[in-house]
Amino acid sequence: MKTNLNNKPSWVRKLGISTLLAAGILAQFGIATAAEQSIPRLANGKPDFSGIWQTTSAADYGLEPHANRKDAPPFIGAVEGNTIPYLPQALEQKKKNFENRATDDPSLKGYTLGVPRGIYYPEPFQIFERAADINIVHQFGHSVRTIHTNGTEHPGLEDSNDWWLGDNRGHWEGDVLVNDVKNFNDKTWLDRAGDFHSDALHVVERWKFIDPNTIEYKATLDDAKVYSRPWTISALLHRHREKNFQLIEDYRYTTDYDQYYPPQAGKK
Amino acid sequence: MKNRMSQGKLGLTSLVLGALSFASVATFAAEATTAKPAQAQQAPAGGGIGYEKSFPKIESGKWTGPKLADGQPDVNGHWSNTISNHSNFTDPNGGIPGDPKPPKTPLPPRNERAPSRVSDPADGQVPFQPWAQEKVNQFHVGFHNPTEPQYIEPLARCAPAGVPKSLYWHGYEIAQYPGYVVFFFNSGTRIIHLDGKPHLPENIKLWNADSRGHWEGNTLVVDVTNHNGKAMFGRSGEFISENGHVVEKYIFANDGKRYNYEAVFTDPSVYTRPFTVTIPARKWTADEKPNGWHFETRVVNVPGQGPTIERDERICAENNGGFGMGAEKTAKK
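Each value, and the rule that gives it
Residues numbered from 1 in each chain as written. Chains lettered and ligands numbered in written order. Predicted model: local features only at pLDDT ≥ 70, side-chain atom pairs only at ≥ 80, totals over all residues. Helix = DSSP H or I, 4+ residues; strand = E, 2+ residues; numbered from the N terminus. Buried ≥ 20, exposed ≤ 12 C-beta atoms within 10 Å, placed from the backbone. Contact = placed C-beta atoms within 7 Å. Nonpolar A, V, L, I, M, F, W, Y, C, P; charged D, E, K, R; others polar. Pairing = 2+ DSSP bridges. Axes fitted to C-alpha atoms, helices over the stretch in contact; angles between N-to-C directions. Expected span 1.5 Å × (residues − 1). Arc of directions from axis to C-beta. Core = buried A, V, L, I, M, F, W, Y, C linked by C-beta atoms within 7 Å.

1. With respect to the overall build of chain A
Scanning chain A for helices and strands turns up five helices and ten strands. Scored against the burial criterion, the 268 residues of chain A give a buried share of 35%. Sequence separation of at least 24 residues holds for 55% of the intrachain contacts in chain A that already meet a minimum separation of 6.

Structure, rendered in structure tokens:
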């Protein structure tokens, strides 16, 4: 049976309009609820972060709030509470790092960026997710981080190494992926402003969809050798949706010697 | 369950029997004749390099094994080459060409060593143009006393092993996702796109090239372009240029235990004709013991589920760790 709102009595029309208005208001306040229902999921019901992601945050230029400088745009900061709680000696080291950043930043050598820097560095990374693990492939260095989500725990000291990207053990708290990372080396920085950590670094990451194409990323860093208390970084990650977009391997560290290969006709 | 495990081991035994592993290829003649099944069942100590003198042909055809939800044949898991390593591309058991310190025990005759990875032409040699053959010959000398940077194999400087060398370097993981087959190699990662998108613009040249694949029954067919031509095929110095084109077939046996790589390499600027590369591969399971080379993993227990295989981080930059790896033992803190 066809109905036409215009043929209804005026109170019906009003009701129809106010229902629409009410729906609109609900939509305004109900975004999160709608997103929870529409986010991509694996067959087991867990959120599926598979895809290519990148932040628009300027966090990699310096996590703390800063004005512009010759080598960085201004930035409102990505640290909760604005300041990284360095221990006094560590703060001195951070200042030295900052002074020498044009030569000492490991990313300039093409080295693996570490955790959490690889996530907010301005190059894309791709997430490949299965029930048992989540592999993150970074375009920069094409380094691979595996987050185990199969219920296994960090290896004991006898079996553990110090990794560039740590030992990653994740679990789900509702739709939030909580990833506990430790066993790091001390060779990575947190940004190109010289913020740093030691091999005692412990990171807890929280990954959460706020809509199907946006992840809210938080990382809480603890390091008794460097910081006086745990502190938290946050950034939004956006899904790359450009047509035919893909990762392009960026083995930056090979560019110092790659001109010697391959052999060419007529060349020594 | 017990039955299945022991069958798995039996199947392996025949492989391992033929495939005793050694750090030095030269010792294999002596050891192979004295090998006992009991020894052969032991995983190689300290990381070894297996070999087979021959391997089964696998025909392209239907896939009758398990499939993934998206219809791909399920070949997820940990795999490796079964013949030696990257020391010598065309004579895999022959040691590094031009080695000034040849093995103490003479090599067995050529026909008792594993076949060339070049399966066509029949002579097993890469059909290089004369200038390119001359470059390879120079590399055979220069490699052992590199007075010029081009005589250092790029893999030794942490460059990705590239196509096809990654397949006969260490073991690796094949992981499948809707739209992708991903190879997590010891040195580098290859993402094979199954969604039919076009290749990258041709001025973008990559160590691992650019890969577009599709499944034909039991066979993953991959079109490979955008090589940077820099990776070399081994310590024997063979190479492709940035004009090269490779069509790869990964032909999987329906029992899921093996695949053969058969790939046609074409490059009119380096070769006189296309040639075919054949590399046999086998799967490893959590029932087996990691051996530091072909099965370079750790087996861990998943609470309530049993053993599973984990793969350690593989990061190499400026040879910044033991054997090119980035990891150091965690200090007692």
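After presenting the structure, the write-up continues.
2. Points about the interface of chain A and chain B
Each side of the interface is counted separately: chain A has 40 residues, and chain B has 47 residues. Listed by contribution, the elements that provide at least two residues to the side of chain A that touches chain B are strand S3 (133-138), strand S4 (144-148) and strand S5 (161-162) of chain A. A per-class count over the side of chain A that touches chain B returns 20 nonpolar, 17 polar and three charged.

3. Considering the sheet that holds S4 of chain A
Each strand in a sheet pairs with its neighbour through backbone hydrogen bonds, running either in the same direction (parallel) or in the opposite one (antiparallel). The strand order S1-S2-S3-S4-S6-S7-S8-S9-S10 (chain A) describes a closed barrel built from nine strands, whose pairing is mixed. When the angles between neighbouring strand axes are averaged without regard to direction, this sheet yields 30°.

4. Quick notes on the environment of serine 269 of chain B
Residue and element names in this part refer to chain B. Inspection of the secondary structure assignment puts serine 269 in the loop between strand S9 (258-266) and strand S10 (275-284). You can call serine 269 partly exposed: it has 15 C-beta atoms within 10 Å. In contact with serine 269, not counting residues within four places along its chain, are Ser241 and Asn243.

5. Quick notes on the environment of glycine 151 of chain A
Among the secondary structure elements, glycine 151 of chain A is positioned in the loop between S4 and S5. Here glycine 151 of chain A falls in the partly exposed class, since 14 other C-beta atoms lie within 10 Å of it. Apart from residues lying up to four places away in sequence, glycine 151 of chain A is in contact with Val302 and Pro303 of chain B.

6. Overview of helix H4 (residues 130-142) of chain B
Residues and elements named next belong to chain B. Taking 1.5 Å as the rise per residue, H4 with 13 residues should run 18 Å; its terminal C-alpha atoms sit 18 Å apart, in good agreement. Among all positions of H4, only Ala132, Lys135 and Phe139 are buried. Viewed end-on, H4 has its buried residues packed into an arc of 55°, placing them on one side of the element.

7. Quick notes on the pairing of strand S12 (residues 306-310) of chain B
Look at any regular strand and the pattern is simple: side chains alternate between the two faces of the sheet. Here strand S11 (residues 298-302) of chain B runs beside S12 of chain B; their pairing, made up of five bridges, is antiparallel. Of the residues in S12 of chain B, the one forming a bridge with valine 300 of chain B is threonine 308 of chain B.

8. Digging into the nonpolar core
Counting residues in each nonpolar core, the largest one holds 99 residues, and the members touching the most others are Leu63, Ile215, Tyr217 and Ala235 of chain A together with Tyr261 of chain B. Looking at which element gives the most residues to this core, the answer is S10 of chain B, with five residues. Excluding anything up to four places from it in sequence, isoleucine 215 of chain A contacts Phe49, Trp53, Trp207, Lys208, Phe209 and Leu237 of chain A.

9. Looking at the pairing of S10 of chain B
Residue and element names in this part refer to chain B. Buried residues dominate S10, accounting for eight of its ten residues. As paired strands, S9 and S10 are joined by eight bridges and run antiparallel to one another. Each bridged residue has a counterpart across the sheet, and for alanine 263 the counterpart in S10 is valine 277.

10. Thoughts on unusual backbone geometry
Residue and element names in this part refer to chain B. For the bond from aspartate 120 to proline 121, the omega torsion is 10°, close enough to zero to count as cis. Along the chain, proline 121 falls in the loop between strand S2 (118-120) and H4. That bond from valine 163 to proline 164 is cis: its omega, 0°, falls within 30 degrees of zero. Summarising the element assignment, proline 164 is placed in the loop between H4 and strand S3 (172-177). Here cysteine 158, not a glycine, exhibits a phi torsion of approximately 80°, which is positive. Counting through the fold element by element, cysteine 158 comes out in the loop between H4 and S3. Accessibility expressed as a C-beta count within 10 Å gives 23 for cysteine 158, which makes it buried. Positive phi values are uncommon outside glycine, yet methionine 232 reaches one of about 65°. Note on placement: methionine 232 falls in the loop between strand S7 (219-225) and strand S8 (245-252).

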